[in-house]
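Architecture at a glance
The lines below spell out each chain.
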Amino acid sequence: MPLDPAIAAQVAHLFDATLAQVLSGEVQTVPPAAAMRRDDVDVSAHEIDGAGGPVPVRIYRPRAASHAATLPALVWAHGGGWMYGDLDMPEADSVAQFIAAGLPGVVISVDYRLAPTHTHPAALDDVAAVARWAVGPGEAHGIDTGRVAVGGASAGAHLAACTAVAMGAQLAAVLLAYPVTDPVHGPYPEVCHPDCPPVIWIDGPAIQAMLGRYLGIDPADAPSSVIPARADLSGLARLLVTTAECDGLTPQGERFVELARAAGVDAAHHPVDSVLHGYLNTVGDSPRADAALERHLVWLRDALART
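Residues numbered from 1 in each chain as written. Predicted model: local features only at pLDDT ≥ 70, side-chain atom pairs only at ≥ 80, totals over all residues. Heavy atoms only, no water.

**Focus on the overall build of the chain**
Where we set the bar: Working definition: helices are DSSP H or I runs of at least four residues, strands are E runs of at least two. Numbering for both runs from the N terminus. Atoms counted for the radius of gyration: C-alpha only. Globule rule: 2.2 Å times the number of residues to the power 0.38. Buried residues are those whose accessible area, probed at 1.4 Å on protein chains only, stays under 20% of the maximum for their type, while exposed residues exceed 50% and partly exposed ones sit between those limits. By definition, residues are in contact when any of their heavy atoms lie within 4.5 Å. Per-residue and other accessible areas were derived by the Shrake-Rupley procedure at a 1.4 Å probe size, with only the shown protein chains allowed to occlude residues. Neither His nor the chain ends contribute to the count of charged residues, in which Lys and Arg are positive and Asp and Glu negative. A charge is said to be at NZ when it belongs to Lys, at CZ for Arg, at CG for Asp and at CD for Glu.
Summing up its helical and strand segments, the chain has eight helices and eight strands in all. In terms of C-alpha radius of gyration, the chain reaches 18 Å, essentially the compact-globule figure of 19 Å for 307 residues. Along the longest, intermediate and shortest principal axes, the C-alpha atoms of the chain span 55 × 40 × 35 Å. Counting all 307 residues of the chain, 54% fall into the buried class. For the chain, restricting intrachain contacts to residue pairs at least 6 apart in sequence, the fraction spanning at least 24 positions comes to 73%. Summed over its atoms, the accessible surface of the chain is roughly 12,400 Å², and 53% of this surface lies on carbon and sulfur atoms. Distance between charge centroids for the chain: 8 Å, based on 17 positive and 34 negative side chains.

**Describing the pattern of salt bridges**
The cut-off we apply is this: For this document, the term salt bridge refers to a Lys or Arg side-chain nitrogen within 4 Å of an Asp or Glu carboxyl oxygen.
Overall, the coordinates contain 11 salt bridges when judged by the stated rule. As a salt-bridge pair, Arg63 and Asp42 come within 2.7 Å of each other at their nearest N and O atoms. Of the two residues, Arg63 is situated in the loop between strand S2 (53-62) and strand S3 (71-77) and Asp42 in strand S1 (residues 41-50); the sequence distance between them amounts to 21 residues. Assessed through its relative accessible area of 45%, Arg63 is described here as partly exposed. Among the residues examined, Asp42 registers a relative accessible area of 27% and is labelled partly exposed.

**Concerning helix H7 (residues 250-262)**
For clarity, the cut-off: Here the expected length of a helix is defined as 1.5 Å per residue gap, with one fewer gap than residues.
In this model, H7 (13 residues) spans 19 Å end to end at C-alpha, consistent with the 18 Å of a helix rising 1.5 Å per residue. On its buried face, H7 is in contact with strand S6 (173-177), strand S7 (238-246) and strand S8 (267-276).

**Comments concerning a nonpolar patch on the surface**
Quick note on the threshold: Like charges within 9 Å and nonpolar side chains (Val, Leu, Ile, Met, Phe, Trp, Tyr) within 5 Å are joined into patches, using only residues over 30% in relative accessible area that form no salt bridge.
Residues Leu19, Leu23 and Tyr84 make up a contiguous nonpolar surface patch of about 320 Å² in total accessible area. With respect to the element layout, Leu23 can be found in helix H2 (residues 19-24). The exposure class assigned to Leu23 is exposed, which follows from its relative accessible area of 55%.

**Some remarks on the packing of helix H4 (residues 122-134) against helix H5 (residues 155-167)**
Defined as follows: Convention adopted: a line fitted to C-alpha atoms gives each axis, helices being fitted over their contacting stretch, and angles between N-to-C directions are expressed from 0 to 180 degrees. Note that the term roughly parallel is reserved for angles under 35 degrees, roughly antiparallel for angles over 145, roughly perpendicular for angles of 65 to 115, and oblique for everything else. In a left-handed crossing the near helix is turned counterclockwise from the far helix by less than a right angle, and in a right-handed crossing that turn is clockwise. Each residue receives one of three labels: charged for Asp, Glu, Lys and Arg, nonpolar for Ala, Val, Leu, Ile, Met, Phe, Trp, Tyr, Cys and Pro, and polar for the others, Gly being one of them.
Between H4 and H5, whose axes approach to 9 Å, the crossing angle comes to 55°. In terms of axis orientation, H4 runs oblique to H5. Considering the relative orientation of H4 and H5, their crossing is right-handed. Mapping the contact onto sequence places Ala123, Leu124, Val127, Ala128, Ala131 and Arg132 in H4 and Leu159, Cys162, Thr163 and Met167 in H5. Residue classes in the contact of H4 with H5 are distributed as eight nonpolar, one polar and one charged.

**Details of the environment of His13**
Operational definition: Pairing of N or O atoms within 3.5 Å defines a polar contact, subject to two protein rules: one partner must be a possible hydrogen donor and the other a possible acceptor, and residues neighboring in sequence count only if both atoms are side-chain atoms.
Relative to the elements of secondary structure, His13 occurs in the loop between helix H1 (5-11) and H2. On the accessibility criterion, His13 (36% relative accessible area) is partly exposed. Remark: the alpha-carbon pair of His13 and Val27, spanning 14 residues in sequence, is separated by 8.7 Å. The contacts of His13, once residues within four sequence positions are left out, are Val27, Gln28 and Thr29. Engagement of the side chain of His13 in a polar contact is seen with the backbone oxygen of Gln10, the distance being 3.2 Å.

**Some details on the sheet that holds S6**
Cut-off, in case you're wondering: At least two DSSP bridges between two strands are needed for those strands to be called paired.
Read from one edge of the open sheet, eight strands run S1-S2-S4-S3-S5-S6-S7-S8, paired in mixed fashion. In this open sheet, the two edge strands, each paired with only one partner strand, are S1 and S8. Averaged over neighbouring strand pairs, the angle between their axes works out to 20° when direction is ignored. As paired strands, S7 and S8 are joined by seven bridges and run parallel to one another. Residue pairing across strands places Ala244 opposite Val272, the latter belonging to S8. Sitting on the sheet, H4 touches S1, S2, S3, strand S4 (106-110) and strand S5 (143-153), and the angle it makes with S4 is about 160°. Across the face of the sheet, helix H8 (residues 287-303) comes into contact with S3, S5, S6, S7 and S8 while running at roughly 170° to S8.

It is worth stressing that arrangement in space is one thing and function is another; only the former is reported here.
Below you can see the structure in the form of structure tokens.
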């Protein structure tokens with residue numbers, strides 16, 4: 001299908017851009033979105049003990065919920081190729097507000113350490129520490145520790161998947177948006193989607209270049225702990241993988257669902273037509289991205305329903 005008109009308008013300038021311009025910040029891949037601010041969600045900053053020191057997080061809680069109530073929770077990790085991104089990007093902040101209000105529940109957005117300043121396992125340790133906190137001491141913050149999900153977008157989804165493999169039944173659900181699940185082996189499409197500017201098409205060489213900076217070693221020597229698609233998935237919690245039509249990571253997201261189902265996991269796949277990788281950064285600007293996020297929320301609400 002053709003690219004969503006709202007998204008196409010945002011990226012039209014990239015067809016003439018070079019990779020150097022994008023990497024230097026001279027050319028923005030997506031125009032900065034206006035911050036979405038809801039008056040029905042309380043937002044607070046906290047730090048959670050991690051292996052490498054305190055992990056900064058932003059906690060979102062629906063204002064209408066009683067502070068005495070325990071709510072389901074989502075530990076969420078933004079994308080950015082393991083090297084970029086922060087808690088203010090729409091993929092983190094807008095998504096967290098939307099899910100906290102609509103679940104309703106607590107969303108803990110993780111400000112994990114970034115490469116190349118911090119190499120593996122720093123980012124994974126941070127996300128895992130917050131997930132372990134949510135299923136344990138998180139109860140003090142009004143979290144129902146039996147209804148905790150972990151999720152993320154792109155590289156954040158990779159960290160969430162690695163965490164979910166390690167934690168198994170401690171988690172109730174896993175939500176992976178356009179994830180990296182096998183950064184070394186893919187699979188990757190051979191041809192760029194015609195509606196995607198080549199400069200932001202994510203292929204094998206691009207991911208492995210980023211992976212090398214995240215790992216601090218040659219990707220060929222990547223440890224098995226960073227390849228969730230090669231892990232034993234039989235203990236994985238209920239899973240949703242969402243993919244974008246115009247995204248070089250889509251084949252490995254689809255493959256991850258197949259592998260999870262073969263391992264006996266309750267795994268769903270939500271393909272999103274007419275959008276690019278990173279479509280959650282266009283929430284509020286693209287009706288198609290908004291509809292996709294609403295569909296993800298419906299799945300998450302069901303996965304974390306009280307039994």
